[in-house]
Amino acid sequence: MTLQQFETLYSTTKDSVTKHVMAEKFDNLEEHLEKFVENIRQLGIIVSDFQPSSQTGLNQKLNFMITGLQDIEKCRQQLHDINVPLEVFEYIDQGRNPQLYTKECLERALAKNEQVKGKIDTLTKFKSLLISELGKVFPEEMAKYKAIHGDDPPS
């Protein structure tokens, strides 16, 4: 199975209703975060060029900041069951796209899957060869073994 086939299979098995609800929650959080960041940017402008006459605007921005934090906290409570691997934050800290983490995880899983499949195939062939060779050396014991486990060894 290729990475593209796996991604297609994965995307088709997701429940669209759950996906839609989660998307709305994330969109809501994103909207609140964008408003909060913009408010902080404006607050920085006011503070960097502070005049006594801008005290009212500063107080208003500080109140908006408090309200924004409360809104973000409400969104956080809706998303409390979401777990983000720490490696995703490391990707972000390194300036990398966090979606690469998912892609690389899938690639590692597929590579490991192929590796394990190869080991299983090798062990199956070894078992078959071992049974065959043991049958030549110990025919009676292997006849008993085959009677218990079936006549045809797995190939």
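A quick note: this is a predicted structure, and the numbers were derived from the prediction, not measured.

Focus on the nonpolar core
A general tendency of soluble globular proteins is for nonpolar side chains to be buried together.
1) Next: By size, the foremost hydrophobic cluster in this structure holds six residues: Met22, Leu29, Phe36, Ile72, Cys75 and Leu79.
2) Next: For this core, the elements supplying multiple residues, two or more each, are helix H2 (16-48) and helix H3 (55-78).
3) Next: Considering each element in turn, this core owes the most residues, three residues, to H2.
4) Next: Residues within four places of Cys75 in sequence aside, it is in contact with Asn28, Leu29 and His32.

Here we look at the confidence of the model for the protein chain
1) Next: Model confidence for the protein chain is summarised by a mean pLDDT of 84, while 83% of its residues fall at 70 or above.
2) Next: Per-element confidence in the protein chain is highest for helix H5 (residues 99-137), whose mean pLDDT is 93, and lowest for helix H1 (residues 3-13), whose mean pLDDT is 60.

Considering the packing of H5 against helix H6 (residues 139-149)
1) Next: At a minimum axis separation of 6 Å, H5 and H6 run at an interaxial angle of 135°. Comparing the axis directions of H5 and H6 gives the class oblique. Contacts from Lys127, Ile131, Leu134, Gly135, Lys136 and Val137 of H5 reach H6 at Pro139, Met142, Tyr145 and Lys146.
2) Next: Split into classes, the residues belonging to the contact of H5 with H6 amount to six nonpolar, one polar and three charged.

A short note on the pattern of salt bridges
1) Next: This structure, assessed with the given rule, holds six salt bridges.
2) Next: In this structure, the salt-bridge partner of Arg41 is Glu38, at a minimum N-O distance of 2.5 Å. Taken together, the positions of Arg41 and Glu38, both in helix H2 and three residues apart, correspond to about one turn of that helix.
3) Next: On the basis of relative accessibility, which here comes to 31%, the residue Glu38 falls in the partly exposed class.
4) Next: Close ionic contact of Arg76 with Glu73 constitutes a salt bridge, the shortest N to O distance being 2.7 Å. With Arg76 and Glu73 both in helix H3 and three residues apart, the pair spans about one turn of that helix.
5) Next: For Arg76, a relative accessible area of 47% corresponds to the partly exposed category.

About the criteria used
- Residue numbers run consecutively from 1 along every chain, following the written order of its sequence.
- Reporting in this predicted model follows two pLDDT cut-offs: at least 70 for local features of residues, and 80 or more for side-chain atom pairs to be given and counted; totals over whole chains, interfaces and linings ignore these cut-offs and use all residues.
- Processing note: side-chain calculations cover all non-hydrogen atoms of the structure and skip hydrogens and water entirely.
- By nonpolar core we mean a set of buried residues, namely Ala, Val, Leu, Ile, Met, Phe, Trp, Tyr and Cys, connected to one another through side-chain atoms within 4.5 Å.
- Remark: exposure states derive from per-residue accessible area (1.4 Å probe, protein chains only) relative to the maximum for the residue type, with buried under 20%, exposed over 50%, and partly exposed in between.
- Strands are runs of DSSP state E lasting at least 2 residues, helices are runs of H or I lasting at least 4, and numbering of each runs from the N terminus.
- The contact definition used throughout considers only heavy atoms, calling two residues in contact when any of these lie within 4.5 Å.
- Per-residue confidence from the predictor is given as pLDDT, running between 0 and 100.
- Axis geometry follows a simple rule: fit a line to the C-alpha atoms, using only the stretch in contact for helices, then measure angles between N-to-C directions, giving values from 0 to 180 degrees.
- Angles below 35 degrees are treated as roughly parallel, those above 145 as roughly antiparallel, those between 65 and 115 as roughly perpendicular, and all remaining angles as oblique.
- Side-chain classes follow a simple rule in which Ala, Val, Leu, Ile, Met, Phe, Trp, Tyr, Cys and Pro form the nonpolar group, Asp, Glu, Lys and Arg form the charged group, and the remainder, Gly included, forms the polar group.
- Put simply, a salt bridge is a Lys or Arg side-chain nitrogen that is within 4 Å of an Asp or Glu carboxyl oxygen.

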